[in-house]
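Coordinate inspection notes
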Amino acid sequence: MNVDNSLSPHGGALIERVRPLTAHDRERIAALPRIELREQIARECVNIAYGFFSPLTGFMGRADVTAVAETMRLSNGLVWPIPIVLDVPDAELRTAGVSVGATVLLTHQGNPLATLDVAEIFSLDLTALAGQIYATTDPAHPGVQRTLDYANRFVAGDITLVCEPVINPPFDRFWRTPRQLRAELDAVGWRRVVAHQTRNVPHSGHEYLMKGAFMEARADGILVSAVIGEKKEGDYIDEAIVLTHEQLRARGFFRDDIHRTTALLWDMRYAGPREAVFHAIVRKNLGCTHHMFGRDHAGVGDYYDRYAAHEIFAQLPDLGIRSVLTLEWWYCPTCGSVAYEGICGHPDAKQDLAGRLIRSIISGGREPSPQTLRAETLAIVRQCADEYGFGTPFVTEQYLRQRTPPLTIPPPP
Ligand SMILES: [Zn+2]
């Protein structure tokens, strides 16, 4: 067996549950009870249907949620760190007439998205669940708050996508289903693919992170996997994230044949090490053999150790995808260059490349040095501010209200 070949999807087979409606289905669909999905759940429904979440075939039942919470595995023993559930208020279930054994139509933006065969309806102890997944029950943790906000009735069962979403510009250039992306990577001969998870406009530290991981993994290519999903005010707007990464390749800072930017529809849970494992599984399904993890991957505040995500992979030898663990990149004036925590001997002189410095450059009209942020990147950021951000590259209340959603569900035929 050649271990360098692209990995099989998690669990062995890529799940695809897509059967677009025909005009003949109209009557059957019209008679089904309906549940309207909010954005987060609609995105997860799409991800299940196209196999981003392989081997999941639907929203989880109690046995899987409990096993995931307690053991970080599905009830069949396969590694899985975060519950994927559909919560619906009890009153809504009663009004719609949803019961076990029924088929339900899941809608989004008022249009049919998927059918769900209801296998189970159940409740959970949400505080206990939050504590197990996030290692805290502090509602200031956004993942905990998300869990506590669930309507405490869950509907489980397999789903089938009945209407394919339209991915709106500029994300249509970057979004690929796992089947499509695997075929494209195969066509260009990428056998060893290292994933870079991002929610950022790339500064020089990110570039070096990618370069280091590319060399360490002896990779054929770097797959930038930009997380597009729920935003909070002050985050970078999604459009700036994908378009700035793309221009690193377009302008040759990364060779055309070794770098590719993609979009993943996912709402961050900030679950630290558990979310790192989740990111690894999704990128394995996309065809990656390696996943890079830096400092405080998918963490928030001080809830997790800086390198907690590095330690968790030692407990999961059966995960398949390999982790490439990196320390911090910073700017060192003594070295006169971007420097690596594991190499540079002047940690007291280091200048942090993270957040605040880059934001002050972007907001303050200062010309960046190539040691921090490329002028080409800044130019794209400014274009995105004008074109998509209502004048700023950071998420505002107006952006949240008026932006074009990344995903639209068209009306049925
Ligand atoms: Zn140094």
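Please read these numbers as outputs of a predicted model, since none were measured by experiment. (Residues numbered from 1 in each chain as written. Predicted model: local features only at pLDDT ≥ 70, side-chain atom pairs only at ≥ 80, totals over all residues.)

Thoughts on the overall build of the chain
Summing up its helical and strand segments, the chain has 14 helices and 15 strands in all. Scaling as 2.2 N^0.38, a compact globule of 413 residues should have a C-alpha radius of gyration of about 22 Å, and the chain matches this with 22 Å. For the chain, the spread of C-alpha atoms along the three principal axes comes to 70 × 45 × 45 Å. Every one of the 413 residues in the chain was classed for burial, and the buried ones make up 45%. Taking all contacts inside the chain whose residues are at least 6 apart in sequence as the whole, residues at least 24 apart take part in 76%. (Helix = DSSP H or I, 4+ residues; strand = E, 2+ residues; numbered from the N terminus. Rg over C-alpha atoms; globule rule 2.2 N^0.38 Å. Buried ≥ 20, exposed ≤ 12 C-beta atoms within 10 Å, placed from the backbone. Contact = placed C-beta atoms within 7 Å.)

Some points on the domain arrangement of the chain
In many reports, interface size means the accessible area that the parts give up when they come together. Taken domain by domain, the chain comprises domain 1 (23-164) and domain 2 (171-408). Between domain 1 and domain 2, the contact holds 21 residues from the first and 25 residues from the second. Secondary structure elements with two or more residues in the side of domain 1 that touches domain 2: helix H2 (39-50), helix H5 (126-134) and helix H6 (142-148). Looking at the side of domain 1 that touches domain 2, its residues break down into 11 nonpolar, eight polar and two charged. (Domains from an automatic or database assignment. Nonpolar A, V, L, I, M, F, W, Y, C, P; charged D, E, K, R; others polar.)

Structural notes on the packing of helix H9 (residues 238-250) against helix H13 (residues 375-387)
Contact geometry for H9 and H13: axes closest at 9 Å, N-to-C directions at 150 degrees. Looking at the two axes, H9 sits roughly antiparallel to H13. Crossing of H9 against H13: the hand is right-handed. Facing H9, whose interface residues are Glu-239, Ala-240, Leu-243, Thr-244 and Gln-247, H13 presents Glu-376, Thr-377, Ile-380, Val-381 and Cys-384. Partitioned by chemical class, the residues of the contact of H9 with H13 number five nonpolar, three polar and two charged. (Axes fitted to C-alpha atoms, helices over the stretch in contact; angles between N-to-C directions. Parallel < 35°, antiparallel > 145°, perpendicular 65-115°, else oblique. Left-handed = near helix turned anticlockwise from the far one by under 90°.)

Concerning the pairing of strand E4 (residues 111-117)
Of all seven residues that make up E4, five are buried, and the element is covered over most of its length. Strand direction decides the pairing type here: strand E3 (residues 103-108) and E4, joined by six bridges, are antiparallel. Residue pairing for E4: Leu-106 is matched across the bridge by Ala-114. Where E3 folds back onto E4 in an antiparallel hairpin, the turn is made up of two residues, including Gln-109, whose phi is positive at roughly 55 degrees. One ladder, built from three bridges, connects E4 with strand E6 (residues 154-161); its direction is antiparallel. By the bridge assignment, Ala-114 is partnered in E6 with Leu-161. (Pairing = 2+ DSSP bridges.)

Topic: the environment of Asn-152
Relative to the helices and strands, Asn-152 is located in the loop between H6 and E6. Along the chain, Asn-152 and Pro-202 lie 50 residues apart, while their C-alpha atoms are 39 Å from each other. In this structure Asn-152 touches Ser-123, Leu-124 and Leu-126, once residues within four positions along its chain are discounted.

Some points on the nonpolar core
Cys-45, Leu-106, Leu-113, Ala-114, Val-155 and Val-194 are the most contacted members of the largest nonpolar core, which has 116 residues in total. A total of seven residues in this core trace back to one element, the largest contributor, which is H2. Sequence-distant contacts of Leu-113, defined by excluding residues within four places in its chain, comprise Leu-37, Ala-42, Cys-45, Leu-106, Thr-107, His-108, Leu-161, Val-162, Cys-163 and Ile-409. (Core = buried A, V, L, I, M, F, W, Y, C linked by C-beta atoms within 7 Å.)

Some points on H9
The end-to-end C-alpha separation of H9 is 19 Å, in line with the 18 Å expected for 13 residues at 1.5 Å each. By the burial criterion, the buried members of H9 are Asp-238, Glu-239, Ala-240, Ile-241, Val-242, Leu-243, Thr-244, His-245 and Leu-248. Of the residues flanking the end of H9, it is Gly-252, one or two places downstream, whose phi is positive at about 85 degrees. (Expected span 1.5 Å × (residues − 1).)

So, helix H7 (residues 178-187)
Listed in full, the buried residues belonging to H7 are Pro-178, Leu-181, Arg-182 and Leu-185. In a view along the axis of H7, the buried residues occupy a sector of 100 degrees, so they form one face of it. Facing away from the buried side of H7 by more than 90 degrees, the exposed set consists of Gln-180, Ala-183 and Ala-187. In the stretch just after H7, Gly-189 is the one whose phi turns positive, near 80 degrees. (Arc of directions from axis to C-beta.)

A short note on the sheet that holds strand E9 (residues 221-228)
In sheet architecture, strand pairing relies on hydrogen bonds along the backbone and comes in two forms, parallel and antiparallel. Strand order in the open sheet formed by five strands is E10-E9-E8-E11-E12, and the pairing between neighbours is parallel. The open sheet has two edge strands with one neighbour each: strand E10 (259-265) and strand E12 (322-325). Strand-to-strand twist in this sheet, taken as the mean axis angle between neighbours without regard to direction, amounts to 30 degrees. Note: E9 against E10, seven bridges, orientation parallel. From the neighbouring strand, Val-227 faces E10, where its bridge partner is Leu-264. The strands touched by helix H8 (residues 204-216) are strand E8 (193-198), E9, strand E11 (290-293) and E12; relative to E8, the strand with the most contacts, the crossing angle is about 155 degrees.

Looking at the pairing of E8
Counting buried positions along E8 gives six out of six residues, so the element sits mostly inside the fold. Here E8 shows a buried face lined by Val-193, Ala-195 and Gln-197 and a second buried face lined by Val-194, His-196 and Thr-198. Where E8 and E9 come together, six bridges link them in parallel fashion. Among the inter-strand pairings, Thr-198 is bridged to a residue of E9, identified as Ala-226. In this fold, the crossover linking E8 to E9 by way of H8 has right-handed handedness. Examined bridge by bridge, E8 and E11 share two bridges and lie parallel to one another. Bridge pairing in E11 links Ala-195 to His-291. (Right-handed = clockwise from strand over helix to strand, strands pointing away.)

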